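Spelled out from the first residue to the last, the chains are:
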Amino acid sequence: MRIDIITVLPELLEGPFAHSILKRAKDKGLAEVHVHQLRDFGAGKHQQVDDYQYGGGAGMVMQCEPLVDCIEALQKQRTYDAVLYMTPDGKRFNQQDANALSLLGDMIIICGHYKGIDQRIRDHWITHEYSIGDYVLSGGELAAAVISDAVIRLLPGVLNDETSALTDSFQDNLLAPPVYTRPEDFRGHKVPEVLLSGNTKAIDLWREEQAYDRTKTRRPDLLED
Ligand code: 6GU
């Protein structure tokens, strides 16, 4: 999978892809992320990419031309299955969305800034619009990094057994159960007996119960679906 991210702040995206699982995905040739400076497609000496909004009102809007020029320059080189726009008024991104995107080929992600992008791009070029939660970020870059991470780690071969995505929280609409490691007794706080029993059936059952109890108290909304 190849992800092309379009942004006015490429620096914000340098860190997230240089480490850990995302770096391993890249080193193994399973995923590549390319970040593009939108201003390279901006007009004039100032490489302008935004302008005042029609109808008046505070805040600038990202213009059609630089964005579409950038999208089309990419589309000339390969076929993209999705063009994502990161925006607080998009669909709230969840694990099912990550699963679905992980089955696609290449995609473009557009990071919004200011008051957002011209509606005509949303109407005619964007295929998916996502928010990562009910709060406002300064721009779509961190959201693009979040979604790329959630998707790339699901690609076959990226995770090994130890980090397997199958036991993640949300993968079955349940939160993950608690986990413990050595020592057995830390300052009088003990590991639950059942985990030391060697009885795999009892351990599986305990984990299921814990996952269910946690979900019921912390995220009852997940049980309603
Ligand atoms: Cl995708 N963008 C911005 N600017 N804020 C957000 C968001 C996206 N998702 C949640 N808050």
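No experiment lies behind these values; they were computed from the predicted model shown. (Residues numbered from 1 in each chain as written. Predicted model: local features only at pLDDT ≥ 70, side-chain atom pairs only at ≥ 80, totals over all residues. Heavy atoms only, no water.)

## Some points on the site of the ligand
Here is step 1: Around the ligand, the surrounding shell consists of M86, T87, P88, Y130, S131, I132, G133, Y135, V136, L137, G139 and A143.
Here is step 2: Here S131 contributes a side-chain N or O atom positioned 3.4 Å from a nitrogen atom of the ligand.
Here is step 3: With respect to the ligand, the backbone of L137 contributes an N or O atom lying 3.0 Å from a nitrogen atom.
Here is step 4: Elements represented by at least two residues in the shell around the ligand include exactly strand 5 (82-92) and strand 7 (128-131).
Here is step 5: Considering every element that reaches the shell around the ligand, the biggest residue donor is strand 5, with three residues. (Near = heavy atom within 4 Å. Polar contact = N/O pair within 3.5 Å; in protein donor to acceptor, adjacent residues only side chain to side chain. Helix = DSSP H or I, 4+ residues; strand = E, 2+ residues; numbered from the N terminus.)

## Considerations on the packing of aromatic side chains
Geometrically, a pair of aromatic rings is defined through the distance of the ring centres and the angle of the planes.
Here is step 1: Applying the stated criterion across every chain yields a total of one aromatic pair.
Here is step 2: Where F93 meets Y130, the ring centres are 5.1 Å apart and the plane angle is 80 degrees; that geometry is what we call edge-to-face. On the criterion of sequence distance, the pair formed by F93 in the loop between strand 5 and helix 3 (95-102) and Y130 in strand 7 is long-range, its members being 37 residues apart. The same class applies to F93 and to Y130, which are both buried. (Phe/Tyr/Trp six-rings, centres within 6.5 Å; stacked < 30°, edge-to-face > 60°. Buried < 20%, exposed > 50% of the residue type's maximum accessible area, 1.4 Å probe, protein only.)

## Remarks on the side chain of H113
Here is step 1: Relative to the helices and strands, H113 is located in the loop between strand 6 (107-111) and helix 4 (119-124).
Here is step 2: At 2.9 Å, the side chain of H113 and the side chain of E141 are in polar contact.
Here is step 3: Ignoring sequence-local partners within four residues, the contact set of H113 consists of V8, L9, M62, S138, G139 and E141. (Contact = heavy atoms within 4.5 Å.)

## Observations regarding the pairing of strand 2 (residues 32-37)
Here is step 1: Inspection of the sheet shows strand 1 (residues 2-7) paired to strand 2 by six bridges, in the parallel sense. Its bridge partner lying in strand 2, R2 is registered against E32.
Here is step 2: Taken together, strand 1, helix 1 (residues 20-27) and strand 2 constitute a β-α-β crossover, and its handedness is right-handed. (Pairing = 2+ DSSP bridges. Right-handed = clockwise from strand over helix to strand, strands pointing away.)

## Some thoughts on the pattern of salt bridges
Here is step 1: Within this structure, the stated rule accounts for 11 salt bridges.
Here is step 2: Residue D221 is joined to R219 by a salt bridge in which the shortest nitrogen-to-oxygen separation is 2.8 Å.
Here is step 3: The exposure class of D221 is partly exposed, given its relative accessible area of 34%.
Here is step 4: The network of salt bridges with shared partners includes R2, D4 and E32. (Salt bridge = Lys/Arg side-chain N within 4 Å of Asp/Glu carboxyl O.)

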